[in-house]
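# Notes for the structure review
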Amino acid sequence: LMNTLGLDRVHVILFTRRFSKMPAEAFIERILIKQLAAVGVVVGENFTFGRGRRGDLALLRQAGQRHGMRIVVVRPVLKSGAVVSSSRIRSLVSHGQLRKASRLLGRPVQLYGDVVRGAGRARRLGFPTANVRLEKGVCFPPLGVYRVDLWHGQRRDQGLMNLGVRPTFSSMANGHVPIVCEVHLPKFRGTLYGRTVRIDVLQRLRAERRFPSPQALTAQIRRDLRRAFVRH
């Protein structure tokens, strides 16, 4: 997304515990002036920074006057009368309201990850999947089965994603079962091992649940596929 905007450079600052303790004045001097040599700074009108959020627009403007930095304040973006914010979008995603989240994003809700080898259980059931090791620390939609588009390079394939803990095959006895992302691509032939892929999450079909047997699960997957693609 940043590349499409023509950005020349992105400077990523990790929000570590040490960084969180940096005073606002130090952030201006060390980051904006010394590291970035900033001549212009664009922020939202409710922007705060520095330890305890003590830095505000007034402090930033004072620094701008001293160092010749232009401070540009961007007003909130509104959609249907409400502010479009990352916290609002995360809340919508985590509650499964994908259409509303997509309208605020201006694009589908997306997940990224690397395709890794799995146990091969889905292939034995007749529905081979790409096992995607998702990026950590992102906001997931609720566990369940979804209609998705999977992008690898410039190619898009329609698929069915199961995001969950595979309760039909996983034991919950130890109290911790990792979340697994598996995507079945009905029309894809080949291998995606080692590829980084993007998943556009389009529609939630159902919640994940335990089935009494692999045969019952197979029958449900066939129903999911008919529902997902009979009209798409």
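Presented here is an overview of the structure given in this document. (Residues numbered from 1 in each chain as written. Predicted model: local features only at pLDDT ≥ 70, side-chain atom pairs only at ≥ 80, totals over all residues. Heavy atoms only, no water.)

## Overview of the overall build of the protein
Counting its regular elements, the protein contains seven helices and ten strands. At 23 Å, the protein has a C-alpha radius of gyration far larger than the 17 Å of a compact globule built from 232 residues. If you line up the protein on its principal axes, its C-alpha atoms span 70 × 40 × 35 Å. When burial is assessed residue by residue, the protein has 36% of its 232 residues classed as buried. (Helix = DSSP H or I, 4+ residues; strand = E, 2+ residues; numbered from the N terminus. Rg over C-alpha atoms; globule rule 2.2 N^0.38 Å. Buried < 20%, exposed > 50% of the residue type's maximum accessible area, 1.4 Å probe, protein only.)

## Structural notes on the nonpolar core
Val-132, Met-161, Cys-181, Val-183 and Ile-199 are the most contacted members of the largest nonpolar core, which totals 25 residues. Elements supplying a minimum of two residues to this core: α4 (86–94), α5 (98–105), β5 (109–116), β6 (129–134), β7 (144–152), β8 (155–164), β9 (180–184) and β10 (196–207). Beyond its immediate stretch of four places on either side in the chain, Val-183 contacts Pro-128, Thr-129, Ala-130, Val-132, Val-148, Leu-150, Gly-159, Leu-160, Met-161 and Ile-199. Of all hydrophobic cores here, the second largest spans 18 residues; its members include Ile-28, Leu-32, Ala-38 and Ile-71. (Core = buried A, V, L, I, M, F, W, Y, C linked by side-chain atoms within 4.5 Å. Contact = heavy atoms within 4.5 Å.)

## Concerning the pattern of salt bridges
Scanning the model with the defined rule gives five salt bridges in all. Arg-156 serves as the salt-bridge partner of Asp-149, at 3.2 Å between the closest nitrogen and oxygen. Take Asp-149: its relative accessible area is 10%, and that puts it in the buried class. Residue class for Arg-156 comes out partly exposed when judged on its relative accessible area of 41%. Among the ionic pairs, Arg-206 bridges to Asp-224, the shortest N-O distance being 2.9 Å. Taken together, the residues Arg-206 in strand β10 and Asp-224 in helix α7 (residues 214–229) connect sequence positions 18 residues apart. For the pair formed by Arg-206 and Asp-224, the shared burial category is buried. (Salt bridge = Lys/Arg side-chain N within 4 Å of Asp/Glu carboxyl O.)

## Concerning α7
With 16 residues, α7 should reach 22 Å at 1.5 Å per residue; the first-to-last C-alpha distance of 22 Å fits that figure. All of the buried residues in α7 are Leu-217, Thr-218, Gln-220, Ile-221, Asp-224, Leu-225, Ala-228 and Phe-229. Buried residues of α7, seen end-on, are gathered within an arc of 165 degrees and therefore sit on one face of the element. α7 presents Gln-215 and Arg-226 as exposed residues on the side facing more than 90 degrees away from its buried surface. Against the buried residues of α7 lie β7, β8, β9 and β10. (Expected span 1.5 Å × (residues − 1). Arc of directions from axis to C-beta.)

## Structural notes on a positive patch on the surface
On the surface, Arg-17, Lys-21, Arg-51 and Arg-54 cluster together into a positively charged patch. Along the chain, Arg-17 falls in helix α1 (residues 17–20). With relative accessibility at 67%, the residue Arg-17 sits in the exposed group. (Patch = residues over 30% accessible without salt bridge, like charges linked within 9 Å, V, L, I, M, F, W, Y side chains within 5 Å. Areas by Shrake-Rupley, 256 points an atom, 1.4 Å probe, with all protein chains shown as cover. Lys, Arg positive; Asp, Glu negative; His and termini not counted. Charge placed at Lys NZ, Arg CZ, Asp CG, Glu CD.)

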